[in-house]
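If you want the building blocks of each chain, they are given just below.
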Amino acid sequence: MAVPCDLRFDCGRICLDLAATADGAPAERLTGPDQLRAWLTGAGLVPHGTPLDGVDVRWLGRFRALRELLIRVVHDELRGGADGADLALLNSAAAAGQPPAPSAVRAADGTLVRALTGPPECAGLLAAVARDAIGLLTDAVARGQLRQCEGESCTLVYLDTSRGRRRRWCSSEVCGNRERVARHRRRTMVRREQSGDAATSPVTGPVTGPLAGPVTAAEKYSAGR
């Protein structure tokens, strides 16, 4: 199954990738069972090719509910501490099912591939995501790498494993590019305003000819950017 282009798996953890399905445009990325099947496979919760015929609107509702819980817990932890009731719900989700057991099987070409010993159940997959969140929030090192995207209006949280911990955006191609475009527009607007002020005299109006002064190399460089 092809992964829809609006599903992202770049936040660093499965639980954060699930939270990311609620952000951006379109705001809702898990729009139906097909998108949930694609997310389960893309996130690595089930091996590629695993039959997911049982995924339906009930599964969709339960994954959306866990997603909203994860968003609250992670953001509240970044701000100081999650609500005790939400932590209890997270713990309950982690204990409500058994994640499907993987097995190593031989493929037709002789390589070992991962497969499930039985059809995955909704509660078990939810438990796998909840346990990932608990592992993240209780690991001091991983927790210290949590960052909220600096993009305007973006609420995504990601794991910053970059060198020097200098990653600023959930995605350089998405929020990073938007910020660069906005920064370029701001610089262009400021240069135009400054150029208009410099070329106008409060006494005689527009200044032309030698009184306008020579154009410096720096100004030529700035104008060409």
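Residues numbered from 1 in each chain as written. Predicted model: local features only at pLDDT ≥ 70, side-chain atom pairs only at ≥ 80, totals over all residues. Heavy atoms only, no water.

1. Brief notes about the pairing of strand E1 (residues 102–106)
As a reminder, the rule being used: Only protein chains enter the accessibility calculation, which uses a 1.4 Å probe; a residue is then buried when its area is under 20% of its type maximum, exposed when over 50%, and partly exposed in between. In this text, helices come from DSSP runs of H or I with a minimum length of four residues, and strands from runs of E with a minimum of two, each type numbered from the N-terminal end. Note: two strands are recorded as paired if DSSP finds a minimum of 2 bridges between them.
The buried fraction of E1 amounts to zero of the five residues, a small share that puts the element mostly on the outside. Two elements, E1 and strand E2 (residues 112–116), share five bridges in a ladder whose sense is antiparallel. For Arg106, the partnering residue across the bridge sits in E2 and is Leu112. Counted along the chain from E1 to the antiparallel partner E2, the turn is five residues long, and its residue Gly110 has a positive phi close to 95°.

2. Some points on helix H5 (residues 122–137)
Quick note on the threshold: Expected span, for any helix, means 1.5 Å times one less than how many residues it has.
With 16 residues, H5 should reach 22 Å at 1.5 Å per residue; the first-to-last C-alpha distance of 23 Å fits that figure. Extensive coverage of H5 is indicated by the burial of 13 of its 16 residues.

3. Side note on the pattern of salt bridges
Side chains carrying opposite charge are able to pair once their charged atoms draw close together. How we decide: Salt bridge, as applied in this entry: a Lys or Arg side-chain nitrogen positioned within 4 Å of an Asp or Glu carboxyl oxygen.
As enumerated under the stated definition, the model contains 12 salt bridges in all. One salt bridge connects Arg37 with Asp34, and the closest N-O pair in it is separated by 2.5 Å. Of the two residues, Arg37 and Asp34 are both situated in helix H2 (residues 33–42); the distance of three residues between them amounts to about one turn of the helix. Note that Arg79 and Asp76 form a salt bridge whose closest N and O atoms lie 2.8 Å from each other. One end of the pair is Arg79 and the other is Asp76, both in helix H3 (residues 57–79) and three residues apart, which spans about a single turn.

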